[in-house]
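Each chain, written out:
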Amino acid sequence: MTRRALRAGILALACTLVLAGCDLRFSLGFGTGSDGSFSGSEVTVPVLYASGKKGGVTNQRITADSADGGDLSIDITENDVSGVDPVTQSATWTAVTAATLLTGARPDTAYTFGFDARIATPAAGAVTAVGVLALYYGTEVQPGVALTGRVTPLGTIGPVAGLPEQVTAAIEAGGIDTILVPAGQRTAVDAEGTAVDLDQLAATGGMTVTEVADIASAYAVMTGEDLPEAAFPTPPPSPSPLPTAEEAPAAPDSVAVAVDDALDRARSSLLSAPEGALADRARAAVERGERLRDAGDTGGAWAAASTAADIAAAAAAPALSQADAAALAVDAAGDADAVLAASTGAPSTLDDADGALAAIGGAAEARALAAQAQAYLATDADPSLASAGLTSAALASSAARNARAIADLRGEIDGTGALASDADLDGLASLLRRAAIAATDAVDARRGDTAVAADDLDGLRTSAFEAARDELAARADEGGEWLALGISTAAFTRGSAALSALTAVRVPDGVDPSDAVSQRIGIADEYTVRAVDALTATGAELPLLRGALADAAAAATADPAPGASGVFTASFLRARVLAFAGGVQRD
């Protein structure tokens, strides 16, 4: 029996015992508190950071206490009267979100994060996540080890700027023997634009540099303990073939019809689209959809085809008149409202919940983009916003059609995965909503007064969610916890993607990032596969979620550029939200 088959059997047995009423406590994270509570109460971790041409070393004190049924709260303080930088706030929220989804920790936790200095960088995100995990599992952080790097929602560690300055600061501060840096950044660019060998620089201070690609690897070095393999798989060697989720039953014929419709829409849009990067991306997505469909993966074909329809619509947007675009926005808003209005009830199974999250997220995005298009195309609007308005309208129209298609498919997928009656969905929705707000605020801080470009699709989606924040929050309050969960998951996914693009780090000349990129892709895929396999062990079929995973793997391997692992974020978040809702992490 293969390790994957054995793992699936164990999970299936655990879920069978739970459903039979046995007193079996089961957690993907195997956390020390069976109810998701924290074992430790306070931990201190060193933080490396850079500001301009200078680096620094400071401490961060992290505490976690039960909020006794209240909302999760995060209090961040810095030793500076000017407040906490938005990028630091977002890094902290992302770290807590990743740790919560990976462990099943209770969302009614009160966190405090105290920095001894003011920092304005995502570099503290990874060490914050390690600190939160150390509190959850009750382990100690060993002295002499420091970690720097950006943390993603699925637990990978991304590159950051200013590493030479950070290493220099660590040498000057003393007390550090090992510095953990993001995979692929052993050579990094300093503030002057010069490539620096961090090994050689660290050696001048008697230190060593070690590359890490995910928070599990960093945690093992910083605490001397391994995280549970079920939730934090060992990073695969780089490069390596991607694993795939357990084989699933074929999707209903109606999904194939939706695939063909989305592909037809994409091809039709491309006929009027000018040549350029967006058109190339749309064609690549069409080809992925066709390949997945021909291979019999209808769910994967849907994920690729719906993506192709969106990008192709955006590519063709310059051919629209403002009047036609305004009409598209009005129609999209109406369609989105109809899907949101029909999605207020609680789903009946994990499969129904998967469709609900996808439909609600798409409809919320369509509604936000439609409102943004109407504002940008109004007669009294700034003329410089017109092109972004055309793209927003085209995206809104495509997103609304995709959401409506998913809503129509929900009743035709019959899995048996049960939903937990005691899952704190309100708490999880609140966490994701506020993490999305923090990401959007960080995007605004990085972008400044620069307008979002018409071809920056993640930027347009993020700005639309920001503008529609109050309206969507009101809808969520009225529509219930699943509506809130779908909206907040979509908003966090888009905000994370936009912030990642704005905090990308230049690869030094002469450095080949392919090994590090392949490793991050492998980790992202493995984490998502584990989450999907755990869900299907309950009897859920999840063709839509499996399809999103298959398309993400196909897209990442077809274009393994820096940042490619981010395509897994949407499917990973959906899988972990479903795990939380289904009690898969905790019975």
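Everything quoted here is computed from the prediction, not taken from an experiment.

Draft legend 1. A look at helix α14 (residues 457–467). With eight of 11 residues buried, α14 lies mostly within the body of the structure. Those residues of α14 not exposed but buried are Leu-457, Gly-459, Leu-460, Arg-461, Thr-462, Ser-463, Ala-464 and Phe-465.

Draft legend 2. Spatial organisation of the pattern of salt bridges. Applying the stated rule across the entire model yields 32 salt bridges. Among the ionic pairs, Arg-61 bridges to Asp-116, the shortest N-O distance being 2.7 Å. Residue Arg-61 is located in strand β2 (residues 54–66), and its partner Asp-116 is located in the loop between β4 (109–115) and α3 (125–137); the two are separated by 55 residues in the primary sequence. Of the residues examined, Arg-61 reaches a relative accessible area of 35% and is grouped as partly exposed.

Draft legend 3. Inspection of the packing of aromatic side chains at higher detail. Tallied over the full model, the rule gives three aromatic pairs. Taking 5.9 Å as the distance between ring centres and 15 degrees as the angle between the ring planes, the aromatic pair formed by Tyr-111 and Phe-113 counts as stacked. Residue Phe-113 is classed as buried on the basis of its relative accessible area of 0%. Here Tyr-136 and Tyr-137 contribute two aromatic rings whose centre-to-centre distance is 4.9 Å and whose plane-to-plane angle is 85 degrees, an arrangement assigned as edge-to-face. Ring pairing ties together the aromatic residues Tyr-136, Tyr-137 and Tyr-219, which thus form one cluster.

Draft legend 4. View of helix α7 (residues 253–271). The terminal C-alpha atoms of α7 lie 28 Å apart, and with 19 residues this matches the ideal 27 Å at 1.5 Å per residue to within 8%. Among the residues making up α7, those that are buried are Ser-254, Val-255, Ala-258, Val-259, Ala-262, Leu-263, Arg-265, Ala-266, Ser-269 and Leu-270. Looking at the packing, one finds that the buried side of α7 touches α8 (277–294), α9 (298–316) and α12 (386–409).

Draft legend 5. Region of the structure containing the environment of Gly-162. Structurally, the position occupied by Gly-162 is in the loop between β7 (157–158) and α4 (163–173). As a C-alpha pair, Gly-162 and Lys-54 span 108 residues in sequence and 8.4 Å in three-dimensional space. Excluding its chain neighbours within four sequence positions, the residues that come into contact with Gly-162 are Ala-50 and Val-189.

Draft legend 6. Fine view of the pairing of β2. Of the strand pairs in this sheet, strand β1 (residues 42–51) and β2 are connected by 10 bridges, and their pairing is antiparallel. When the sheet's bridge partners are listed, Thr-44 is paired in β2 with Arg-61. Between β1 and β2, which pair antiparallel in sequence order, lie two residues; one of them, Gly-52, sits at a positive phi of approximately 65 degrees. As judged from the seven bridges shared by β2 and β4, these two strands associate in the antiparallel manner. Bridge pairing in β4 places Ile-62 opposite Phe-113.

Draft legend 7. Fine view of unusual backbone geometry. In the Ramachandran plot, Leu-542 falls in the positive-phi region, its phi being about 55 degrees despite a non-glycine side chain. With respect to the helices and strands, the residue Leu-542 is situated in the loop between α17 (514–536) and α18 (543–558).

The rules behind each value
Residues numbered from 1 in each chain as written. Predicted model: local features only at pLDDT ≥ 70, side-chain atom pairs only at ≥ 80, totals over all residues. Heavy atoms only, no water. Buried < 20%, exposed > 50% of the residue type's maximum accessible area, 1.4 Å probe, protein only. Helix = DSSP H or I, 4+ residues; strand = E, 2+ residues; numbered from the N terminus. Salt bridge = Lys/Arg side-chain N within 4 Å of Asp/Glu carboxyl O. Phe/Tyr/Trp six-rings, centres within 6.5 Å; stacked < 30°, edge-to-face > 60°. Expected span 1.5 Å × (residues − 1). Contact = heavy atoms within 4.5 Å. Pairing = 2+ DSSP bridges.

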